Amino acid sequence: MSKILENKTDNELYEMLHQGGKPGRDAFDVLYARYSSKIFTYCKKILNNSDTAEDIFQETFVRFYESAKVERKMTNVAGFLIRIARNLCLNEKAKKYNDKVPLEDFQMPYLDNSYEKKELNDILNTALEALPEKFREVLILKEFMDLSYNEIAEALNTTLPVIRIRIYRARNKLREILQPYFEEYDK
């Protein structure tokens, strides 16, 4: 990847991707490098299964690449990628999981393997799984993917006030769920 491409905005890169050829493939590579880890994290946390998340992750970028063939004005590449991934995840969950996923498949790779961290990771995973889907999803997008409220609203095709309320309620519910663990820890 050239430094010139890395300095281009997402929208400029998408336009290059739309034009095709080698510059389009190079632009795709830069966009992939920028967003692949976030999209995979999103898929993994929504689906709670690494293998299925990998498949959905790959399909997301295939569809993103194919979308560049259609004439469209791109204003938010990250939001567009999340929307593709979200739709694929929802379809997969409806098809296979029916909202029942094994907790042991849900892992957070950013924590190390020390006993205390693993225990905290397990507690947090359990608490996240206990959240209603609409709260879990916005919290993952905000806290783990570091998307802005506006980006989340665009990706989920809803309004900014709805996102703010959901994140607020998700955080409160998570605190409520985790409170007994922290009380035990303080003893």
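Residues numbered from 1 in each chain as written. Predicted model: local features only at pLDDT ≥ 70, side-chain atom pairs only at ≥ 80, totals over all residues. Heavy atoms only, no water.

### A few points about the nonpolar core
Ranked by size, the top nonpolar core spans 42 residues in total, and within it Ile39, Tyr42, Cys43 and Phe64 carry the most contacts. The set of elements that each furnish at least two residues to this core consists of α2 (10-19), α3 (21-47), α4 (50-67), α5 (77-97), α7 (133-144), α8 (149-155) and α9 (160-186). A total of ten residues in this core trace back to one element, the largest contributor, which is α3. Every residue in contact with Phe64, bar those within four places of it in the chain, is listed here: Tyr14, Leu17, Phe28, Leu31, Val77, Phe80, Leu81 and Ile84. Judged by nonpolar contacts, the second largest core, of nine residues, contains Ala127, Leu128, Leu131 and Leu139. (Core = buried A, V, L, I, M, F, W, Y, C linked by side-chain atoms within 4.5 Å. Buried < 20%, exposed > 50% of the residue type's maximum accessible area, 1.4 Å probe, protein only. Helix = DSSP H or I, 4+ residues; strand = E, 2+ residues; numbered from the N terminus. Contact = heavy atoms within 4.5 Å.)

### Focus on α3
Relative to the 39 Å expected for 27 residues at 1.5 Å per residue, α3 spans just 34 Å between its end C-alpha atoms, considerably shorter than the ideal helical length. Along α3, the sharpest change in direction is near 50 degrees and occurs at Tyr35. After α3 finishes, the residue Asn48 shows a positive phi value of roughly 60 degrees. (Expected span 1.5 Å × (residues − 1). Bend = angle between axes of the 7 residues up to and from the residue.)

### Things to note about the pattern of salt bridges
Tallied over the entire structure, the rule returns eight salt bridges. Linking Arg136 and Glu133 is a salt bridge whose minimum nitrogen-to-oxygen distance equals 3.3 Å. With Arg136 and Glu133 both in helix α7, this residue pair falls three residues apart, about one helical turn. Of the charged contacts, one joins Glu143 and Arg171 as a salt bridge, the two residues approaching to 2.3 Å between their closest N and O atoms. Here Arg171 lies in helix α9 and Glu143 lies in helix α7, a separation of 28 residues in the sequence. For Glu143, a relative accessible area of 44% corresponds to the partly exposed category. (Salt bridge = Lys/Arg side-chain N within 4 Å of Asp/Glu carboxyl O.)

### Here's the deal with unusual backbone geometry
With glycine set apart, most residues show a phi of negative sign, and most peptide bonds adopt trans. At Asp146, a position not held by glycine, the phi torsion is positive, near 60 degrees. Examined against the element boundaries, Asp146 turns out to sit in the loop between α7 and α8. The phi dihedral of Asn157 falls on the positive side, at around 55 degrees, and the residue is not glycine. Tracing the sequence through the fold places Asn157 in the loop between α8 and α9. Residue Asn157 is classed as exposed on the basis of its relative accessible area of 66%.

### Remarks on the packing of α2 against α3
One can describe the packing of α2 onto α3 by two numbers: an axis separation of 7 Å at closest approach and a directional angle of 140 degrees. Viewed along their axes, α2 and α3 adopt a mutual orientation that is oblique. The way α2 lies across α3 gives a crossing that is left-handed. Packed against α2, whose contacting residues are Asp10, Leu13, Tyr14, Met16, Leu17 and Gln19, the element α3 presents Gly21, Pro23, Gly24, Ala27, Phe28, Val30, Leu31, Arg34 and Tyr35 at the interface. Residues that form the contact of α2 with α3 fall into these classes: ten nonpolar, three polar and two charged. (Axes fitted to C-alpha atoms, helices over the stretch in contact; angles between N-to-C directions. Parallel < 35°, antiparallel > 145°, perpendicular 65-115°, else oblique. Left-handed = near helix turned anticlockwise from the far one by under 90°. Nonpolar A, V, L, I, M, F, W, Y, C, P; charged D, E, K, R; others polar.)

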